[in-house]
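Here's the letter readout for the chains.
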Amino acid sequence: MSGPAGATPHASSQAAILDVIRAAGTISRVGLVKATGFTGATVSTVVRRLIDEGLVLETGRAESTGGKRRVLLELNQSSRFAVGVHLDHAGLTYVLTNLGGSIIARMSRAGVGTEDPPDVVARMAREISALIEGAGVDRERVLGVGLVSPGPMHQTSKMRLTPPAMRHWEDFPLDAELERAAGLPVILDNDATAAALGEHWSGGVIGGATLAAVYMGTGIGSGLLINGITYRGASGNAGEIGHICLEADGPECWCGARGCTEALAGPGAVVAAARADAALAREAGLSARPNDRSRLVTDFAAVSRAALRGEPRARALLERSARYLALASRALANVMDLEELVLTGPSLAIAGSIYLPVVGEELDRSFFSRATHSVTVRLSRSAATAPAIGAAAMVLQSELVPLREGVRLPENLGAEPLGEARAAS
């Protein structure tokens, strides 16, 4: 699905129609004709097939506009499910979503730490089974598992290239091994990219938006969405704003460069600065293990809570981090000419109220194209679990609305009012 805007269309008329129904919420057959450009006969045939397969329901009628009231269609949310897994050194997050991307069940477990990859895979397979069984979902309705983790990713082999905390995972065939252990198809991708797709699939983003999901977990990254399609770049690593240089002589980053956003603004930098202030470290209740990466998100959360309850030194550290993140976000907005920027990820789920105004003010003041249009900046409604939700959305999109070269999601989705009142079926 990588490529320039508009270069990745739906693979079939069925994929296109199902995606329009998903995006619209409810829509009539006439609305589908207008939105897709397909003939009425094609729309009728495809819709009948989708109803027969249990993917779509007829759900009452629209208000009359003078003629016959149109039958409305919507996704059958409980017809299919997908599992999303976010793998990080600090923790494992699992979600089970329905066809519309809504969470049916979720589960958090300890991170991978120094465990051997085969042992972690066996544990993940057991936990995925427990998630599905605990929700009472028929396993035959589960389309697969989306598995996401911090970048960078290696696109050709789909094996991981890893940040320092997960060096023992380097070149491990994670997707193939989990697929064998779990008995379900597995798709592997970058966590920030997944977070952006999750925003789109769950209805948080308009179809034609140029959006970035700026992600902060244990590190910093971003996922890019153009006309409803994730942009991955040549190797699946587009959007790495954590490694934009903000200070030429800044601190060395794990990637080998200096002055990266992540080295200056990431949770590791915030926690290290808090530890350097003994009084603040005590006040925040930081863990006694300064080099334990599995505690990084927890320690960042402790500093964030101290800032939110009014501790001035903690607040100053987070505002400094936010200013650096704002600069990187402005650079990304300028390069991509963004319409929307979403702050997401476990760390921003905790501290987003501090970061949001700083990033918003920077873009209001300094975004290059501000005279032409503004950039909407908001905090994700599901920031803590965004990568896992996006991982499940990857499966739903891949299995139900696959894409191929040529056409993009229709931009005339609004041709028919979508807010029409629905009568009871």
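Residues numbered from 1 in each chain as written. Predicted model: local features only at pLDDT ≥ 70, side-chain atom pairs only at ≥ 80, totals over all residues. Heavy atoms only, no water.

**Q** Sorry, what's going on with the sheet that holds strand β8 (residues 186-190) here?
**A** The strands making up a sheet associate through hydrogen bonds between their backbones, and the pairing can be parallel or antiparallel. A sheet is described by the order of its strands in space; here five strands give the open sequence β6-β5-β4-β7-β8, paired in mixed fashion. Strand pairing shows two members of the sheet lacking a second neighbour, β6 (103-110) and β8, which therefore form its edges. Averaged over all pairs of adjacent strands, the angle between strand axes in this sheet comes to 15 degrees, irrespective of strand direction. Two elements, strand β5 (residues 91-98) and β6, share seven bridges in a ladder whose sense is antiparallel. Bridge pairing in β6 places Leu92 opposite Arg109. Against the sheet, helix α4 (residues 117-134) makes contact with β4 (81-88), β5, β6 and β7 (142-149), and its axis sits at roughly 35 degrees relative to β5, the strand it touches most. (Pairing = 2+ DSSP bridges. Helix = DSSP H or I, 4+ residues; strand = E, 2+ residues; numbered from the N terminus. Axes fitted to C-alpha atoms, helices over the stretch in contact; angles between N-to-C directions. Contact = heavy atoms within 4.5 Å.)

**Q** When you look at the environment of Gly111 in this model, what are you seeing that I'm missing?
**A** Along the polypeptide, Gly111 turns up in the loop between β6 and α4. The class for Gly111 is buried, based on a relative accessible area of 15%. When sequence neighbours within four positions are dropped, the list of residues in contact with Gly111 reads Asp88, His89, Ala90, Gly91, Leu92 and Arg123. (Buried < 20%, exposed > 50% of the residue type's maximum accessible area, 1.4 Å probe, protein only.)

**Q** Would you take a moment to explain unusual backbone geometry for this structure?
**A** For residues that are not glycine, phi is negative in most cases, and the peptide bond is trans in most cases. Its identity as a non-glycine residue notwithstanding, Asp337 has a phi of 50 degrees, on the positive side. As for its placement among the helices and strands, Asp337 is situated in the loop between α11 (312-336) and β12 (340-344).

Geometric descriptors of this kind do not, in isolation, establish any biological role.
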